[in-house]
Structures are given as structure tokens and as C-alpha cells.
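# Summary of structural features
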Amino acid sequence: MSDTNDAGINPDEYEDVWVFIEEHAGEVMPVSWELLEEGKKLTEQTGENLVALAIGEDLEDVAEEALERGADRVLVADDPVFEPYRADPYGAQFRAMVEARKPTIVLIGGTHTGRDFAGRVAVPTHAGLTADVTEIDVDEDGLLQARRPAFGGDILATILCEDHRPQMATIRPGVFEPGDRDENTAVDADAILEVDVVVDESETISEVLERDVGDTADITEAERIVAVGEGVEGDLEPALELAEALDADLAASRAAVDAGWVDGSRQVGQTGKTVRPDLYVAVGISGAIQHVEGMNKSGTVIAINTDANAPIFEHADHGIVGDFADVCPKLAETLATEAVVEVDQ
Amino acid sequence: MTWTIVVGVKQVPDADEVGIDPDTGRLDRASAPAVMNPPDRDALEAALSIKDEVEARVIAITMGPPMATPVLEEAIAMGCDDAVLITDRAFAGSDTWPTSLTLARAAENLEADIVLCGEETTDSSTGQVPPGIAAHNGWAQLTYAEAVEPRPEEGRLVAKRDVEGGHEMVAAELPVVVAVAYGEFEPRPAPLHRKIYAENEFEPVQLTAEDLGIKDEVGLAVSPTSVGGMETVQPVERKGEVVDEIDELADQITEVLS
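Residues numbered from 1 in each chain as written. Chains lettered and ligands numbered in written order. Predicted model: local features only at pLDDT ≥ 70, side-chain atom pairs only at ≥ 80, totals over all residues.

### Some details on the overall build of chain B
A tally of regular secondary structure across chain B gives six helices and 15 strands. In terms of its C-alpha atoms, chain B occupies a principal-axis envelope of roughly 70 × 45 × 40 Å. Long-range contacts, defined here as pairs at least 24 residues apart, represent 70% of the contacts in chain B between residues at least 6 apart. (Helix = DSSP H or I, 4+ residues; strand = E, 2+ residues; numbered from the N terminus. Contact = placed C-beta atoms within 7 Å.)

What follows is the structure, given as C-alpha cells:
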């Protein structure tokens, strides 16, 4: 084995781009399809296979959808031990698959689930794991260029993993667009591979006692957003009125979430979610870089703020200097008469 | 029996005080004062709240140069029983792989039943170290924990985890590594007498890479990842138009949505 490098591995033994398809009780997390589309762009450059990987129970539909969305193959680990999600069985199964099949790149959605188990794969395989990635590419040698915000978001750092494999990354949800699903694709049953399940319930070291998942808002899917910041001082009514007139979802800056005015699931920014609605209305948000980073892929940005010097106006297309409690209801009323709500779709 | 609870804390530049270097326009981190990573205060509170309920010994640990000692003093002042400074030049250049290995070996060395950490650090924000510690030791893990409940009679710790779209209650066998959700615990104030003790009398235990038996398994050489480059983020071009009348703003919005 003369081809091994200083890390004791031969990178040439590793091939294919893997995308983890995260599903819970049959529901696929949107980030999975965003990554599959992004993974496709990588394999178009490297000429490798795009492999989707699903772990859970009753995954037939998920596997077929992955093929319809462009995966060349799907690896499926199907067993009741994986439902609901737990870090230890997921980590052990994923690790075994990596060790047996040696992918060169592994992309995992940076959800709480993805960020929870990724280390249980990367640590024992001594893989490179980059967190919270917002841009990916490969160079001419197929080396992954994983870019992530650093120092509060002013800097984009490129992280490399030159000598270890696989090159793993957790990728922030919402930054990439999902591709189209072609339901006319003739699904090749041979492209779905059931792998050996290496985990037994008796070996698990954790137990889900209760799981309550349902109606918490997923603002990453919203087409219109009204977001509130510290400036609203706990008074959500005017912003909600505007949101209703616009048929928009409510979101918030970190300050508004930390103050307890809005639930953390609605937080936009570096420590919250990345959103890309057609319309983003920032109400009483100063426009700190950490917030802007989570919303600067929005189509049109509107700012409402009392401070004419607030940075948010530089990150907005249109703005008005004024008291939100005054502006929001009047704007809502004007919009209602113009009936913008019915225009879309 | 007495539980040993190890809390990982880290010294970071104060994110609120990081200024811009007037010459380069770059962030000037060097001049910012060093503070305890704010999410670690939640982890300390979680540890001390467990100690309020069960017999336990709480030990704060940090990895860093001797000048990081003030974060350990702060932990002692809050109520930790002891503190360990893991310091060695061999750690230089470590990414999250050897960092979590080092903390994993320290936790093993201290015979930890529970390791508590903050969700992530404000200076590198990977959140990869707590699961990394669990993975190195093959221990259970509970991340994004918003509440913790000790169940000594079962030898387990239960956490309320924040998951996309809701919450779950998960019980994990000890030893377990817990990363607590930032902002979910109200760190208790340090009493004055503890502060005086921490600053004047307390000396942390020191451990080196050799003490932990990992002299050749840490640092730059074993770190799988490296920084290939840095670039300043270019702001997205926006029109930046400010209007005077609400009607004008409504017109702009109507145009966008039509």
C-alpha cells in the first residue's frame, strides 16, 4: 500500500458524493433535497456518482423520491431501531456504511439532527468535518472547498480536508434551492440498495421517551416574511397586522427571541435560520451582520425603523423612517385596499 | 453515590467588543477582552442545578493557555468544586477532532458521569466538540438540551431536546455528554465570598497532553481540516431607497408581489 499519505490513507480509494436524506416518520427535511441538488453539481464536475443515503423505517417512498430528484443510487438502512431518531444508532450505522463504501464527500443538513450525529461518524473515521457551511465547490482535483461564515459573518473562510477522507460537511438549511422532482423518472429498483443494519436495540444507550413535533413554524419555506427586532419592544400586534395583510409569516431577530417575544424556531440569522422569501419586511431590526446573513438571499427587503442611520437601510431595497406602531397598521390598511394578497400564485 | 459532573468552558474574545481595525477594515479580535464563552454559563448553571438535586461534584475544565485561568475562577465563583486547566503547546493548531479527543480523555480521567458544554462557542461556532467528546468515548449524548432531569435511580439523565418543529424527551445512560441550548438556563450569580476565594486562593489543577496520554494525537498534524483561505463577504447589492410616505412603500410592495 505505497499510495497511503501521511494520514495513513489512500484518497484514491474513496469515491462518490453522498447526501444524507434526513427524514422523521416519513417526512423529509427540505434541506435534504437542497443538498441533493447541490451534490449533483459536484458530481457533474467530478464524474462520480451521486448517492443518497437514508436511515429510518419504511423508506421506500423516500428512496424513490431521491431517485426522481436525480440520485444515481440510494443506500437504505431500514429498521425500527432508527425511528424515532437517536444519535447513537444513527452514528453507528452511518459510520459502518462510510467504512464499508468509502465516499469521498458526505453532505449532511445542518439541522439539530445532522449536527447531532455527524461527529459520531467523523470522529471514529477520523474524517474532516466542517460545520455550518454555506457554499460548496470542488477544485480540479476533486478537493471539497467548504466555505463558512466566520467572525460573526464578515468573513467567509474556506475549509479544506486534504489528507483525510471522507470530506464531511454539515450545511446550513435554506441557503440552496432544491431541484425539481421528475415523477416520470422510471425508478430502477436496482438503484436502491438495502444495506446491512449493524445496530441492535439491545446495544443502544439512549431512549426517546416522548416526541412532540408538529406545528412549529418552518420559516425557511415562507414566501413572505415580516420580521421583528428589538425596536418593537415586545409589541407584536402592529407587525402581526402587517403580516396578516401580506399573508406573511412572522420571524424575528435574535434580540427579539432572547427577550422572549418570539419563539426561537422563528429566529433569522447566524444562530437562527436562513430564509429566502420573495419579500422580507424588517420591523424595528437594526441590521446587525449576524441578522443580515440569514436574510440577504431574500428577493426584496423592506425596512421600517425609527433610526434613519440604522444599518438595515443599507441592506434594504425600500425603507421608511418611522415608528413601527404607526407605520405597520397604516401600511397594512393601504395594502388591503390594493389587494396584494390575492395577486400571487 | 456521588456523580462527577465535568463542565467544559472556553475563553473567547468578547463578541460585543470586537472592533474594526481602522487600517485594514478587518475585524480586530486581538484587542477584544477575553471572556467566558457565554453559552458555557448555561452549562455551568445546568451542572449546578443537577447538584442541587443529587449528590454531585462539579469540576470545570478548560483547554487553553494559563492566561485562560480566569474562566475557571469564574466557574469556581459560581459554585464549582474544582477546576482543571488543560494546557500544552502540543495542542496548538488543533481542530475539533483533537480538541474533542483531549476533552474526552480528560473526562475519562476525571471519571465523569456527565459532561456538560455550551451549545457552541461564539468564536468558532461549530458546535462539534460536545458530540465529538461523546464519540471519542463511545458515550451517550444529548444536544440542544433546554432542560435536564437527573434520574440517579435509573442511572440516566433525561433532557428536553429542541428539535426542528418541536421537542423531545430523551433519556440517556451515563456517562453522557450534554450540550445545553443557549439562553435556556439562568446562570446564578456568584456570591462575593466565592469570588474572593476564586480570585485569591484557588489554583486550578494542571494537566498536559502527556498526562492524558495523547502527546502524539493532538495538534495540527492530526487535525483533518485546515483553513484554505479567508475572504471578506461582499454585501448583497440593495437599492437602499428611503421613502417618506406609506403609500409609496405600499406601491413598492404591491409591485414586488404582482
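### Quick notes on the confidence of the model for chain B
In the predicted model, chain B carries a mean pLDDT of 93, and the fraction of residues at 70 or more is 95%. For this predicted complex, the interface score ipTM comes out at 0.92, alongside a pTM of 0.89. (pLDDT = per-residue confidence, 0-100.)

### Points about the environment of Val-228 of chain A
Residue and element names in this part refer to chain A. Secondary-structure assignment places Val-228 in strand S14 (residues 224-228). Taking the number of C-beta atoms within 10 Å as the measure of exposure, Val-228 has 33 and is therefore buried. Separated by 200 residues in sequence, Val-228 and Val-28 place their C-alpha atoms 29 Å apart. What Val-228 contacts, discounting residues up to four positions off in sequence, is Leu-236, Ala-239, Ala-252, Ala-256, Val-262, Val-283 and Gly-284. (Buried ≥ 20, exposed ≤ 12 C-beta atoms within 10 Å, placed from the backbone.)

### Section: the packing of helix H3 (residues 87-101) of chain A against helix H4 (residues 112-125) of chain A
Residues and elements named next belong to chain A. Closest axis-to-axis distance for the H3/H4 pair is 8 Å, and the angle between their directions is 40 degrees. One way to sum up the angle between H3 and H4 is to call them oblique. Note on packing geometry: the crossing formed by H3 with H4 is right-handed. Every residue of H4 that contacts H3 at Ala-87, Tyr-90, Gly-91, Phe-94, Arg-95, Val-98 and Glu-99 is listed here: Asp-116, Phe-117, Arg-120, Val-121, Pro-124 and Thr-125. The residue inventory of the contact of H3 with H4, partitioned by class, reads seven nonpolar, two polar and four charged. (Axes fitted to C-alpha atoms, helices over the stretch in contact; angles between N-to-C directions. Parallel < 35°, antiparallel > 145°, perpendicular 65-115°, else oblique. Left-handed = near helix turned anticlockwise from the far one by under 90°. Nonpolar A, V, L, I, M, F, W, Y, C, P; charged D, E, K, R; others polar.)

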